[in-house]
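For reference, the chains in residue letters:
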Amino acid sequence: FQEFPGGWSGSSLRGGTMDLLLLLLLHGLLLLPLAALLLYRCSSTFQYLCKMAFFNCWIVAMATLLSPFAAFRGRSVENMKLLRASLLPLKRFYGIRMRVRGSERLQLPGPFVIVCNHQASLDLIGMVEVIPDRCVPIAKRELLYLGTVGWACWLSGIIFIERHRRDAAIGVISRTAGTMRRENVSRLCVWVFPEGTRNPGRSMLPFKRGAFHLAVQAQVPIVPIVISPYCDFFSSKEKRFTSGTCTIQVLPRVETRGLSPKDVPKLTESVWQAMAKALAEMSMSDHGDQDTEQLQLGEDRGSPQGQGDTAESSK
Ligand SMILES: CCCCCCCC/C=C\CCCCCCCC(=O)SCCNC(=O)CCNC(=O)[C@H](O)C(C)(C)COP(=O)(O)OP(=O)(O)OC[C@H]1O[C@@H](n2cnc3c(N)ncnc32)[C@H](O)[C@@H]1OP(=O)(O)O
Ligand SMILES: CCCCCCCCCCCCCCCC(=O)OC[C@@H](O)COP(=O)(O)O
């Protein structure tokens, strides 16, 4: 301003105030992300909320971007490939390592029904890791009303059921069994979460019978899949979401050839038992690793004081 003296003082004063305001605004704009970053580092709850928001935004964005392309094909199982590809990168963003055991058990020539435990919407990340070609999930009808996400699901051939209208749901399942039998050549598989709802934690709810009626009606095998508990890195109750490792175990298939509807309760029970056993073994082995680590720590220290330290740090 000194270079342009005289006549300018009024406007330069106004200019000065403007500059100051602009400077403040700029600081605010810089400080806001910085504050958010700091909060993200310090607060695990904030981190959880951000990560979940990103998860949902990603799904909405992918559905919105890809649905028009999927729409070219019309409603088709082939669109599941698009859905799968769009969700595959998620595990990298979250630093979740996926370990798949027994994936060769999914390489069957004919159609089959997959049953899988259901802990959280995060299951989608594990699902796309192992879901075979031409396999559609059964989902609650409510998903249809999630705007473009519902549209994407519909275009991918996802089967919707109204969980509270049993007769209608049974009708849908019977028609699906018919399709599986008819499309034997092109092989249609169905993925069911037989617990019927999300169930966080290390246990499983009792199974609904639909998936097993489906397999018996279509006379196709059942392939159980168990996803290890997320507790180590994810809990919606505790609002905790860090990185970690997740194991997906494919169990041996269960044949249903020759079984009739009256065998369904026993079939359901035996598959539940097998999956519960695998789940228990998985959470045991996760814990087993931790236990040996702690044991070694304790042994290394040896002294009573050392043991005191271990007890302290495990609190
Ligand atoms: C284009 C690119 C775009 C990219 C964008 C990405 C977007 C991605 C986003 C998203 C991806 C998709 C993500 C999908 C994931 C969704 C997950 C969910 O939604 S999980 C909830 C729904 N799943 C179920 O509910 C399980 C299936 N449910 C059942 O099977 C039930 O059994 C049901 C509903 C049929 C009935 O449930 P009941 O609560 O009444 O209980 P019960 O004990 O099973 O059945 C009662 C009696 O009915 C008989 N019954 C059941 N089903 C039968 C059947 N099919 N035929 C004959 N009888 C049957 C049973 O035997 C039982 O009778 P007796 O006690 O044995 O006498
Ligand atoms: C156009 C914008 C519309 C905005 C909507 C935001 C939608 C966010 C997309 C999230 C979709 C994720 C699908 C997860 C599938 C899932 O895991 O569903 C839960 C059910 O299995 C069990 O339901 P419940 O009985 O409630 O536990």
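As annotated in an unreviewed UniProt entry, the protein chain is 1-acyl-sn-glycerol-3-phosphate acyltransferase from Zosterops lateralis melanops. Under the UniProt heading Pathway (unreviewed entry), the note attached to the protein chain is "Phospholipid metabolism; CDP-diacylglycerol biosynthesis; CDP-diacylglycerol from sn-glycerol 3-phosphate: step 2/3." According to the UniProt record, the Function (unreviewed entry) comment for the protein chain reads "Converts 1-acyl-sn-glycerol-3-phosphate (lysophosphatidic acid or LPA) into 1,2-diacyl-sn-glycerol-3-phosphate (phosphatidic acid or PA) by incorporating an acyl moiety at the sn-2 position of the glycerol backbone."

Draft legend 1. The overall build of the protein chain, seen in detail. Along its length, the protein chain carries 10 helices and 9 strands. Of the roughly 18,600 Å² of accessible surface on the protein chain, a fraction of 61% belongs to carbon and sulfur atoms.

Draft legend 2. Structural context of the sheet that holds strand β3 (residues 135-140). If you walk across this open sheet you meet the 7 strands as β1-β9-β6-β2-β5-β3-β4, and the pairing is mixed. Each of the sheet's edge strands pairs with one partner strand only, and the pair in question is β1 (96-101) and β4 (159-161). Adjacent strand axes in the sheet meet at a mean angle of 20 degrees when their direction is disregarded. As judged from the 4 bridges shared by strand β2 (residues 113-116) and strand β6 (residues 222-227), these two strands associate in the parallel manner.

Draft legend 3. Region of the structure containing the site of ligand 1. Close to ligand 1 lie 29 residues, the nearest being Lys 140, Arg 166, Lys 208, Arg 209 and His 213. Coverage of ligand 1 by the protein chains reaches 83% of its 1,400 Å² of free accessible surface. Elements supplying a minimum of two residues to the shell around ligand 1: α2 (44-73), α3 (80-87), β3, α6 (148-155), α7 (166-182) and α8 (210-218). Its residues assigned to classes, the shell around ligand 1 comprises 17 nonpolar, 7 polar and 5 charged.

Draft legend 4. Representation of the environment of Leu 267. Checked against the element boundaries, Leu 267 lands in helix α9 (residues 264-301). Setting aside its immediate chain neighbours within four residues, Leu 267 contacts Phe 212, Val 216, Ile 222, Val 254, Thr 256 and Leu 259.

Draft legend 5. A look at the environment of Ile 96. Summarising the element assignment, Ile 96 is placed in strand β1. Here the alpha-carbon distance between Ile 96 and Ser 43, two residues 53 residues apart in the chain, equals 20 Å.

Draft legend 6. Inspection of the site of ligand 2 at higher detail. Close to ligand 2 lie Asn 56, Val 60, His 118, Ser 121, Lys 140, Leu 146, Gly 147, Thr 148, Arg 163, Thr 197 and Arg 198. In this structure, an oxygen atom belonging to ligand 2 sits 2.7 Å away from a side-chain N or O atom of Arg 198. Here ligand 2, which alone exposes 730 Å², has 71% of that area covered by the protein. Classifying every residue of the shell around ligand 2 by side-chain character gives 2 nonpolar, 6 polar and 3 charged.

Draft legend 7. Just the side chain of Thr 247, in detail. Position of Thr 247 among the secondary structure elements: in strand β9 (residues 244-250). Sequence-distant contacts of Thr 247, that is, excluding residues within four places in its chain, are made with Arg 99, Arg 101, Val 226, Ile 227, Ser 228 and Met 282.

Draft legend 8. Layout of α3. Taken together, the buried positions of α3 are occupied by Met 80, Leu 83, Ser 86 and Leu 87. Along the long axis of α3, the arc covered by the buried residues comes to 130 degrees, so they all point the same way.

Draft legend 9. Spotlight on the pairing of β6. Counting buried residues along β6, 6 of its 6 residues qualify, which places the element largely inside the surrounding structure. As paired strands, β6 and β9 are joined by 3 bridges and run antiparallel to one another. Within β9, the residue paired with Ile 225 across the bridge is Val 250.

Draft legend 10. Geometry of the packing of α2 against α3. Two numbers describe how α2 lies on α3: the axes approach to 10 Å, and their chain directions differ by 150 degrees. In terms of their interaxial angle, α2 and α3 are classed as roughly antiparallel. The handedness of the crossing between α2 and α3 comes out as right-handed. Here Trp 58, Ile 59, Met 62, Leu 66 and Ala 70 of α2 come into contact with α3, specifically with Leu 82, Ser 86 and Leu 87. Its residues assigned to classes, the contact of α2 with α3 shows 7 nonpolar, 1 polar and no charged.

Criteria and thresholds
- Residues numbered from 1 in each chain as written.
- Chains lettered and ligands numbered in written order.
- Predicted model: local features only at pLDDT ≥ 70, side-chain atom pairs only at ≥ 80, totals over all residues.
- Heavy atoms only, no water.
- UniProt positions renumbered as here; feature names shortened; annotations may be inferred.
- Helix = DSSP H or I, 4+ residues; strand = E, 2+ residues; numbered from the N terminus.
- Areas by Shrake-Rupley, 256 points an atom, 1.4 Å probe, with all protein chains shown as cover.
- Pairing = 2+ DSSP bridges.
- Axes fitted to C-alpha atoms, helices over the stretch in contact; angles between N-to-C directions.
- Near = heavy atom within 4 Å.
- Nonpolar A, V, L, I, M, F, W, Y, C, P; charged D, E, K, R; others polar.
- Contact = heavy atoms within 4.5 Å.
- Polar contact = N/O pair within 3.5 Å; in protein donor to acceptor, adjacent residues only side chain to side chain.
- Buried < 20%, exposed > 50% of the residue type's maximum accessible area, 1.4 Å probe, protein only.
- Arc of directions from axis to C-beta.
- Parallel < 35°, antiparallel > 145°, perpendicular 65-115°, else oblique.
- Left-handed = near helix turned anticlockwise from the far one by under 90°.

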